[in-house]
Amino acid sequence: MPGSLAFTRQHRLLTGSQFQTVFDHPKWKVGNAAFLLLATPCDQPYPRLGLVIGRKRAKRAVDRGCVKRRAREQFRLRQDQLAGLDIILLVRGRIDHPDPAEVTLQLGQLFDKLLAKCSQA
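Scope of this entry: the structure provided in the associated data block. Note that the structure is predicted; figures quoted are calculated from it, not measured. Residue indices follow the written sequence of each chain, beginning from 1 at its first position. Given that the model is predicted, a residue must reach a pLDDT of at least 70 before its local features are reported, and side-chain atom pairs must reach 80 or more before they are shown or counted; all residues, however, enter totals for whole chains, interfaces and linings. Water and hydrogen atoms play no part in the side-chain values, which are based on all heavy atoms of the structure.

**So, the sheet that holds strand E2 (residues 35-41)**
Spatially, E1-E2-E4-E3 is the arrangement adopted by the four strands of the open sheet, whose pairing is mixed. Looking at strand neighbours, the two that pair on one side only are strand E1 (28-31) and strand E3 (48-52), the edges of this open sheet. Averaged over all adjacent pairs, the angle separating strand axes in this sheet is 15 degrees, with direction ignored. In this structure, E1 lies alongside E2, joined through four bridges in antiparallel fashion. Bridged to Lys29 within E2 is Leu38. At least two bridges found by DSSP between two strands are what make those strands a pair. Each helix is a run of DSSP H or I of at least 4 residues and each strand a run of E of at least 2, with the numbering of both proceeding from the N terminus. Note on method: axes are straight lines fitted to C-alpha atoms, helices fitted across the in-contact stretch only, with angles between N-to-C directions ranging 0 to 180 degrees.

**Considering a positive patch on the surface**
A contiguous patch of positive charge on the surface is contributed by Arg55, Lys56, Arg57 and Lys59. Here Arg55 shows up in the loop between E3 and helix H2 (61-77). Put simply, a patch holds well-exposed residues, over 30% relative accessible area, that have no salt bridge, with like charges counted together within 9 Å and Val, Leu, Ile, Met, Phe, Trp or Tyr side chains within 5 Å. Exposure was quantified through the Shrake-Rupley algorithm and a 1.4 Å probe, taking into account, for residues, occlusion by the shown protein chains and nothing else. We count a salt bridge whenever a side-chain nitrogen from Lys or Arg sits within 4 Å of a carboxyl oxygen from Asp or Glu. The sign given to each residue is positive for Lys and Arg and negative for Asp and Glu; His and the chain ends receive no count. To locate a charge, take atom NZ for lysine, CZ for arginine, CG for aspartate or CD for glutamate.

**Looking at the environment of Ser4**
Turning to its location among the elements, Ser4 is positioned in the segment before helix H1 (16-24). Linking Ser4 and Asp80, residues 76 residues apart in sequence, is a C-alpha distance of 9.5 Å.

**Considerations on the pairing of E3**
In the sheet, E3 pairs with strand E4 (residues 85-91) via five bridges, with the strands oriented parallel. Opposite Arg48, over in E4, you have Asp86 as the bridge partner. With the strands pointing away from the viewer, any crossover whose connection runs clockwise from the first strand over the helix to the second is right-handed. Between E3 and its parallel partner E4, the chain crosses via H2, and the hand of that crossover is left-handed.

On their own, these measurements won't tell you what the molecule is for.
Below is the structure:
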């Protein structure tokens with residue numbers, strides 16, 4: 001397996017301007033009832049992920065943490081295929097007491113859909 005599968009600081013969208021670039025010009029959008037992925041090409045040789053999970057969508061910190069962990073894991077497993085993309089995960093609906101297996105399944109499907117869309121372009 002090439003390279004490390006770590007989720008380091010370089011794999012994160014850190015500044016407001018980095019987030020704003022993806023929000024303003026998303027080339028690909030993939031979503032379901034609970035989540036939305038926005039993606040745009042970037043000039044980096046590695047992918048970067050930004051998470052937007054507000055308190056209005058997931059009241060408990062434990063629920064927000066669960067979604068974040070699952071999202072980072074799915075991103076980390078596919079980072080070689082996602083190279084050159086800036087991606088933002090948004091939570092669309094309310095999340096109360098999420099089932100970790102269901103969140104993992106939904107996020108995995110979304111990342112796979114995103115990869116399929118990117119390969120078509």
